[in-house]
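So the chains spell out like this:
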Amino acid sequence: MPPSHDHEHGSRFSDVELRVKALESLLVEKGLVDPEALNQLIEAYESKIGPRNGAKVVARAWVDPAYKKRLLENGTAAIAELGFTGAQGETMVVVENTPRVHNVVVCTLCSCYPWPVLGLPPVWYKSSAYRSRVVIEPRGVLRELGLELPTDAEVRVWDSTSEVRYLVLPQRPPGTESMTEEQLVALVTRDAMIGVAQVLPPRSAR
Amino acid sequence: MNGVHDMGGMHGLGPIEREEQEPVFRHPWEGRVYALRQGCGALARWNIDMARHANERMPAAEYLAASYYERWLWGLETLLAENGVVTSWELTEGRAKGPAPDELRQRVLRPEAVERRLRTGGSYRVEADIAPRFSAGDAVSARNIHPTGHTRLPRYARQHLGVVERGHGVFIFPDANAAGLGHQPQHLYSVRFEAQELWGPNAEPKAAVYVDLWDSHLETA
C-alpha cells in the first residue's frame, strides 16, 4: 500500500490504514481469508464491473423495441441476456424516464445500488446529504446537481429498501437517430442511470 | 431501530458533493475493507441483514462523522467479534491466539471461486406458495412500529397512506433475518407514497416516493 499522508506520529500510514492492515493480517493468520481472493474482488469492481454494463443495457433498449419491452417487464432476465447478473443485482427493476415522468434512485437506509450494471456506488450516492434530501426535496436536489425538471413532469423517487435494485432507463437524446448502438453506449452516464442527470446529445448535435 | 442511518427526510446534513472522475476506491485500504467484508461474508457466520444491522449500530455521532468504509470496518469488526470468529483480544492485539476451526477454514473464499460468487450473488427471493395480502392498486398504510432491532421500514413512511404499485414476489423478511429469527418469507411490494402525504402541504408538487415494503410492514387502509 502506498503512503497516504504524513501522519503526526511519523507513521507512513493513517490510523485507519493500520487498523485495516492489522485486521487483514489477523484474518490471514487465522486462515479465514485468502489475500489473492481479496485482490480479485477489488480488481473486479475497479476494472470489470461498472457503469459501462448499464450503458449497454440502455443503448440496447433504445435501438431494440422488443428488448425494451422485455427489460421493462422483467429487468432481471433482460439484463441477464447481456451477461450481467449476480451480487446486488439478483432482482432488477428498470424504470423508464419519459417527458412526463422522471425517476431517481436512492437508498435512504444504507447504500443499496445495482452492482452488476453500475459497479460500486460513488461517494455522493452514499452520502448523508443525498440519502436524507432526495426523498423530501427531489426537484431541489436534481436542480442542485444541474437537472431542472419541467414543472409538468412527475418525479418518482425509488427508495431501495429491499433486495430489489433499480436502474433508470434514461430518455434517448434528440439528434441520435443515426447513431449505432455502440456509439449510443458511449453517451450513457452512470448519473443518468441513477436518475440525477439526463443523457446529453453528442457534442456535434448540440 | 430509530437510528441516524434512517436519514430519509432529515435536514442539516449538508450539500451534495459530486466529484468528477472519482476512483472506485479513494484509498487502497477502502478496497481492502470492501474485500474483507465480502471474504468474511463467505464464511456464512452472518447474513446480509445482520451485516447491515451491524453498521447501523455504530454509535450515532461516530456514524455521522465516519466515511463509508470506516462504517464498514466498524461493522466488520463487530460481526467478527459477536459471532466468535475472532476474539476481542485478537482484534485489539492484531495477533491470532490460534487458527480458526476447520469448519470455518473450509469456507474460505478462494480466488477460483470469486467470479462465480459475484456472478451468482445471494438468494433473497423465496419460492414459496404464500398468498399475498395485497395486490397492485390496494390502498395501504405503513404501520406505526418502532422496533429496536433492524427494520427496512423507514421512519418517514410510517403511519402514512400509500398505494401498492406492484408486487415483487416472496422474499426473506430482513427485520426477522437480521435478528436470527429465520427467513419468515412473505410478499414484498413497491408502495407509492405521494409527496404531500409524506411531507405535508409544502411538499414539492408532482412528486412521489416508492418504498419496498413487506406484508408485516403494511395494513389495509
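Residues numbered from 1 in each chain as written. Chains lettered and ligands numbered in written order. Predicted model: local features only at pLDDT ≥ 70, side-chain atom pairs only at ≥ 80, totals over all residues.

> Which residues make up the overall build of chain B, and what are the values?
Helix and strand counts for chain B come out as nine helices and five strands. Each helix and strand of chain B, placed in order from N terminus to C terminus, yields the pattern α-α-α-α-α-α-α-β-β-α-β-α-β-β. By principal-axis analysis of the C-alpha atoms, chain B measures approximately 60 × 45 × 35 Å. Residue burial in chain B is summarised as follows: out of 221 residues, 37% are buried. For chain B, contacts bridging at least 24 residues in sequence account for 65% of all contacts bridging at least 6. (Helix = DSSP H or I, 4+ residues; strand = E, 2+ residues; numbered from the N terminus. Buried ≥ 20, exposed ≤ 12 C-beta atoms within 10 Å, placed from the backbone. Contact = placed C-beta atoms within 7 Å.)

> Lay out the overall build of chain A in plain terms, naming residues and giving numbers.
For chain A, the helix and strand inventory stands at 11 helices and four strands. A buried classification covers 48% of the 206 residues belonging to chain A. Relative to all contacts within chain A whose residues are 6 or more apart in sequence, the contacts with residues 24 or more apart total 69%.

> Residue-level account of the confidence of the model for chain B, with values.
Of all residues in chain B, 100% have pLDDT values of 70 or greater, and the mean over the chain is 96. Two numbers describe this predicted complex: its pTM, 0.96, and its ipTM, 0.97. (pLDDT = per-residue confidence, 0-100.)

> Help me get a handle on the interface of chain B and chain A, residues and values and all.
Taken together, the contact pairs 72 residues of chain B with 69 residues of chain A. Here the side of chain B that touches chain A takes 11 residues from helix α1 (residues 28-41) of chain B, the largest share from any one element. Residue composition of the side of chain B that touches chain A, grouped by class: 39 nonpolar, 14 polar and 19 charged. In the sheet, strand β3 (residues 154-159) of chain A pairs with strand β4 (residues 207-214) of chain B via five bridges, with the strands oriented parallel. Paired with D159 of chain A across the bridge in β4 of chain B is V211 of chain B. (Nonpolar A, V, L, I, M, F, W, Y, C, P; charged D, E, K, R; others polar. Pairing = 2+ DSSP bridges.)

> Can you lay out the packing of helix α2 (residues 35-48) of chain A against α1 of chain B for me, pointing to particular residues and giving the numbers?
For the pair α2 of chain A and α1 of chain B, interaxial distance at closest approach is 9 Å and the crossing angle is 115 degrees. As summarised for this structure, α2 of chain A and α1 of chain B are arranged roughly perpendicular, according to the angle between their axes. Seen along the crossing, α2 of chain A lies across α1 of chain B with a hand that is right-handed. Residue-level contacts link A37, L38, L41 and I42 of chain A of α2 of chain A to G31, R32, Y34, A35, L36, Q38 and G39 of chain B of α1 of chain B. Of the residues assigned to the contact of α2 of chain A with α1 of chain B, the class counts are seven nonpolar, three polar and one charged. (Axes fitted to C-alpha atoms, helices over the stretch in contact; angles between N-to-C directions. Parallel < 35°, antiparallel > 145°, perpendicular 65-115°, else oblique. Left-handed = near helix turned anticlockwise from the far one by under 90°.)

> Just give me the short version of the environment of L198 of chain B, but keep the residues and values in it.
Residues and elements named next belong to chain B. Here L198 is to be found in helix α9 (residues 195-199). In this structure L198 comes out as buried when scored by C-beta crowding, with 21 C-beta atoms within 10 Å. Not counting residues up to four positions away in its chain, the partners in contact with L198 are Y156, A157, H160, F193, A203 and V209.

> Mind laying out the packing of α1 of chain B against helix α4 (residues 68-82) of chain B, listing which residues take part and the relevant values?
All names here are of chain B. With their axes 9 Å apart at the nearest point, α1 and α4 run at an angle of 35 degrees to one another. Two packed elements cross with a definite hand, and for α1 against α4 that hand is left-handed. Where α1 abuts α4, its residues E30, V33, Y34, L36, R37 and C40 lie against Y69, W72, L73, L76 and L80.

> Account for helix α3 (residues 51-63) of chain A, with residues named and values stated.
For α3 of chain A, spanning 13 residues, the distance from its first C-alpha to its last is 19 Å, which sits close to the expected 18 Å at 1.5 Å a residue. Of the positions making up α3 of chain A, those classed as buried are N53, G54, A55, K56, V57, V58, A59, A61 and W62 of chain A. (Expected span 1.5 Å × (residues − 1).)

> Tell me what's going on with unusual backbone geometry, and back it up with residues and numbers.
Residue and element names in this part refer to chain B. Its identity is not glycine, yet Q21 carries a phi of approximately 55 degrees, on the positive side. In this structure, Q184 is a non-glycine residue whose phi angle is positive, near 40 degrees. Here Q184 is to be found in the loop between α8 (174-177) and β3 (186-194). Assessed through the 16 C-beta atoms surrounding it within 10 Å, Q184 is described here as partly exposed.

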